[in-house]
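Geometric and topological summary
So the chains spell out like this:
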Amino acid sequence: MNVWKGLLTREWLEHKGALGWGPVITFGVIVVFVMISLAIAGTVEINLDLDDEGHRGSITALIDESLSEEIPTEAALANRLDKIRHGVAEIFLFVFFIIAFFTLLGMLFDDRKDRSVLFWKSVPASDAETVLSKYVTIAWIGPVATIAMIMATYVFLFVVMTFLVPGRGALTVGNLWSNSGLVVGLVELIAGFAVHGLWALPIYAWLLLVSSAVTRAPFAWAVFMPIVIGMLERITFGTGVLFKGIGNHLSLKAIPTAIQVSVDEAPSGRATGLGDTFALFATSDMWIGIVIGAAFLYGAIYLRTRNNEI
Amino acid sequence: MSLVQARGLTKRYGDVTALDAFDLTVEPGRIVGLIGPNGSGKTTALKSILGLAHLDAGDLSVLGLRPEKKRRDLMRRTAYIADTGILPRWMRVAHLLDFMADVNPSFDRASAVAALEKTEVRLDKKILTLSKGMNVQLHLALVLAIDTELLVLDEPTLGLDILYRQQFYDSVLNDYFEEKRSILVTTHEVREIEHILTDVTFIHHGRNILDLATDQLAVEFAKVTTSESGAQALRALAPLSERHTLHGTEMLFRGADQDDLARHGEVATPNLPEIFVALVGDHL
């Protein structure tokens with residue numbers, strides 16, 4: 001297993017600038033934004049989506065309700081706080097997706113371009129191990145930093161709210177933290193990313209395949225090839241199976257935080273949404289995706305053995 | 001057993017035949033020079049030996065393994081240095097050593113560190129900040145810290161200062177080369193390695209032009225410098241090549257009786273480039 005330790009460490013070292021610093025910088029930007037917003041407006045809008053009752057997932061909404069002396073029910077409060085958490089998570093998930101996309105595209109391309117592929121192939125690690133280590137890095141190692149920074153942002157915002165909200169109405173610090181959902185949020189993120197790594201396999205593996213195959217313009221190949229094939233499908237058969245499949249596996253539906261679980265669906269007052277996450281394994285979409293993804297990975301490995309410097 | 005046994009290697013890239021039934025043998029304890037001009041198939045030959053090129057035909061066994069199928073096993077016992085700059089530029093030296101220690105059980109990190117202490121290469125430096133010469137020193141330190149049987153060098157001193165070049169081959173000879181180990185080296189600077197080679201293989205258009213132990217060169221080949229009248233007589237002995245210089249006519253012979261030649265002019269042993277040019281003259 002030392003080979004795997006070496007390969008994964010090497011991937012992390014090469015990509016920590018994107019996978020590690022990306023979320024850290026996002027965290028920093030959010031902190032600065034919140035501080036400026038607080039200084040100027042005295043409040044922060046975290047999520048601009050309206051819920052069923054027309055409330056925004058914002059600290060403003062919390063303060064308004066609190067000032068109206070109308071203590072929100074536990075469930076309603078939890079719902080507001082969920083909105084805030086989800087808003088934060090969505091920002092990070094978007095950043096993660098962009099980083100993962102470009103990192104994967106470069107992983108089997110850049111080293112051929114700078115000729116270091118000749119060095120990587122001169123060490124006793126097989127092409128299969130090399131390609132799989134790159135997939136594992138994006139699927140399950142990169143997300144650790146993103147999860148850590150999402151949690152850091154949660155904690156930061158709850159500290160801010162601890163100073164802002166109570167004392168301006170009926171809401172207490174105890175109320176706020178007991179409904180924070182921080183533990184649930186952490187569990188959701190860990191389990192969600194764990195499953196998402198498999199759910200997104202066909203997407204990740206496609207990007208690795210392109211990265212391994214082409215000698216130029218990996219971005220164009222990765223994006224335009226599926227668009228052209230999908231359009232041909234539409235013209236020829238009048239169906240949209242490919243586009244639907246791509247959209248489906250691009251979605252972050254495995255990660256509960258991102259799918260806006262509403263309290264209405266969960267009578268207990270707090271939805272973890274993990275049921276939905278694991279229910280993916282009961283869908284044919286998951287297994288078809290895994291089969292197609294495995295085929296793409298095989299192709300990426302095969303081409304890795306053939307293609308050297310560009 | 002031969003470390004490298006290649007028979008009839010053939011590789012085509014579209015219409016271009018890079019290797020055309022090429023043969024190569026590397027025995028233990030030898031330093032084999034693979035010599036040929038750019039585009040002669042040298043690099044393709046080395047790549048197939050390392051399992052990096054897929055052959056269209058031929059039998060190839062390296063350390064008893066088929067490189068194409070068993071590259072990982074092969075690389076535990078083989079080291080490879082290409083012309084400068086294939087080490088990952090973004091990496092720090094210390095991390096590269098850690099990586100090697102993780103993936104290769106026979107890599108001795110302490111010995112690599114000790115070797116680097118004798119150079120300007122610092123462990124906390126990023127590889128992209130190293131000069132070309134330091135890059136080669138680092139790569140050499142990595143390679144020498146692995147217990148390998150075969151070292152493959154592809155134009156290793158390309159673009160290096162003369163000082164580093166000398167040092168490079170000195171290190172390879174002193175710290176790597178021994179009884180059971182072999183080196184396979186290509187270079188366009190033939191003169192630079194001529195004196196260290198035990199065997200040469202000339203390659204041109206992907207074909208073998210000559211395979212010979214270097215100690216046989218003086219027996220097999222002779223260069224005669226002669227006057228115009230001597231040249232007349234010598235032409236009957238079928239010279240490989242004839243050249244007119246300031247000192248007279250220079251003729252190169254293969255397998256000729258050296259006493260015969262000495263009667264017509266001054267006999268000397270030709271160097272490798274002279275032999276190469278004389279042999280390839282027929283094949284152009």
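To start, this report covers the structure provided alongside it. What you are looking at is a predicted structure, and each value in this text was computed from that prediction instead of being measured. Numbering of residues starts from 1 in every chain and runs along the sequence as written. Think of it this way: whatever chain is written first is A, whatever ligand is written first is 1, and the rest follow in order. Totals for whole chains, interfaces and linings use every residue, but because this is a predicted model, local features are given only for residues with pLDDT of at least 70 and side-chain atom pairs only at 80 or more, for both listing and counting. Side-chain numbers come from the whole structure's heavy atoms, not from hydrogens or water.

What about the overall build of chain B?
Within chain B, the secondary structure is distributed over 11 helices and 13 strands. Each of the 284 residues in chain B was classed as buried or not, and the buried ones make up 51%. In chain B, 68% of the contacts between residues at least 6 apart in sequence involve partners at least 24 apart. For the accessible areas, the method is Shrake-Rupley and the probe is 1.4 Å, while residue cover comes only from the protein chains on display. Of the accessible surface of chain B, which amounts to about 12800 Å², a share of 48% is contributed by carbon and sulfur atoms. Per the convention used, a helix needs a DSSP run of H or I reaching at least four residues, while a strand needs a run of E reaching at least two, with both numbered from the N terminus. The classification of residues rests on relative accessible area computed with a 1.4 Å probe and restricted to protein chains. Under 20% of the type maximum is buried, over 50% is exposed, and intermediate values are partly exposed. Residue contacts are counted whenever heavy atoms from the two residues lie within 4.5 Å of one another.

Quick look at helix α6 (residues 162–176) of chain B
All names here are of chain B. To estimate how far a helix should reach, multiply one less than its number of residues by 1.5 Å. If you check α6, its first and last C-alpha atoms are 21 Å apart, about what 15 residues at 1.5 Å a residue would give, namely 21 Å. Those residues of α6 lying buried are Arg165, Phe168, Tyr169, Val172 and Tyr176. The arc that holds the buried residues of α6, viewed along the axis, is 85°, so those residues lie on one side. Facing away from the buried side of α6 by over 90 degrees, the exposed positions are Ile162, Leu163 and Asn174. Contacts from the buried residues of α6 go to β5 (78–82), α5 (132–144), β6 (150–154), β7 (182–186) and α7 (190–193). It is the directions from the helix axis to the C-beta atoms that the arc portrays.

Some thoughts on the packing of aromatic side chains
Two aromatic rings from Phe, Tyr or Trp, using only the six-membered ring of Trp, form a pair when their centres are within 6.5 Å; if the ring planes differ by under 30 degrees the pair is stacked, by over 60 it is edge-to-face, and anything between is tilted. According to the stated counting rule, one finds 15 aromatic pairs over all chains in the structure shown. Ring centres 5.1 Å apart and planes at 75° place the aromatic pair phenylalanine 101 of chain A and phenylalanine 102 of chain A in the edge-to-face group. Relative accessible area serves as the criterion here: at 15%, phenylalanine 101 of chain A is assigned to the buried category. Where tryptophan 120 of chain A meets tryptophan 90 of chain B, the ring centres are 6.4 Å apart and the plane angle is 25°; that geometry is what we call stacked. With tryptophan 120 of chain A in helix α6 (residues 117–120) and tryptophan 90 of chain B in the loop between β5 and α3 (93–103), the pair connects residues from two separate chains. Chaining the aromatic ring pairs together yields one cluster made of Phe97, Phe101, Phe102 and Phe219 of chain A. In this structure, arginine 85 of chain A packs its charged tip against the face of tyrosine 154 of chain A, placed 5.5 Å from the ring centre. We call a charge positioned over a ring when the NZ of a Lys or the CZ of an Arg lies within 6 Å of the ring centre and within 35 degrees of the ring normal.

Concerning the interface of chain A and chain B
Counting residues at the interface gives 26 residues for chain A and 25 residues for chain B. What counts as buried area is the accessible surface, traced by a 1.4 Å probe, that two parts surrender upon association, with contributions from both included. A combined buried area of about 2500 Å² lies between chain A and chain B, and 62% of that area is made up of carbon and sulfur atoms. Here a salt bridge means any side-chain nitrogen of Lys or Arg lying within 4 Å of a carboxyl oxygen belonging to Asp or Glu. Across the chain A-chain B interface, the total number found is 4 salt bridges. Between aspartate 102 of chain B and lysine 5 of chain A there is a salt bridge, with the nearest N and O atoms lying 3.2 Å from each other. Nitrogen and oxygen atoms within 3.5 Å of one another constitute a polar contact, given that in protein one can donate a hydrogen and the other can accept it, and given that sequence-neighbouring residues count only through two side-chain atoms. Here chain A and chain B share 9 residue pairs in polar contact (both at pLDDT 80 or more) between them.

Section: the sheet that holds strand β13 (residues 266–268) of chain B
Residue and element names in this part refer to chain B. A pair of strands is labelled paired if DSSP reports no fewer than 2 bridges between them. Here we have 4 strands laid out as an open sheet, ordered β11-β12-β10-β13, and antiparallel in their pairing. Each end of this open sheet is capped by a strand with a single partner; those strands are β11 (241–245) and β13. Looking at each pair of strands side by side, their axes are set apart by 25° on average, direction ignored. Looking at chain direction, β11 and strand β12 (residues 248–254) are connected through 5 bridges and run antiparallel. Bridge pairing in β12 links glutamate 242 to methionine 251. Each axis is a line fitted through C-alpha atoms, taken for helices only over the stretch in contact, and angles between the N-to-C directions span 0 to 180 degrees.

Let's talk about the pattern of salt bridges
Applying the stated rule across the entire model yields 22 salt bridges over all chains. Where glutamate 194 of chain B meets arginine 191 of chain B, a salt bridge forms, and the shortest distance between an N and an O atom there is 2.9 Å. Between aspartate 260 of chain B and arginine 263 of chain B there is a salt bridge, and its shortest N-O distance comes to 2.9 Å. For aspartate 260 of chain B, a relative accessible area of 27% puts it in the partly exposed group. Classification of arginine 263 of chain B as exposed rests on a relative accessible area of 61%. Residues participating in the shared-partner salt-bridge network are Arg10, Glu11, Glu14 and Lys134 of chain A.

Quick word on unusual backbone geometry
Residue and element names in this part refer to chain B. One non-glycine residue, alanine 21, lies in positive phi territory at about 55°. Mapped onto the secondary structure, alanine 21 falls in strand β2 (residues 16–26). In this structure, histidine 205 takes a positive phi of about 50° despite not being glycine. When you line up the elements, histidine 205 lands in the loop between β8 (199–204) and β9 (207–213). With a relative accessible area of 43%, histidine 205 lands in the partly exposed category.

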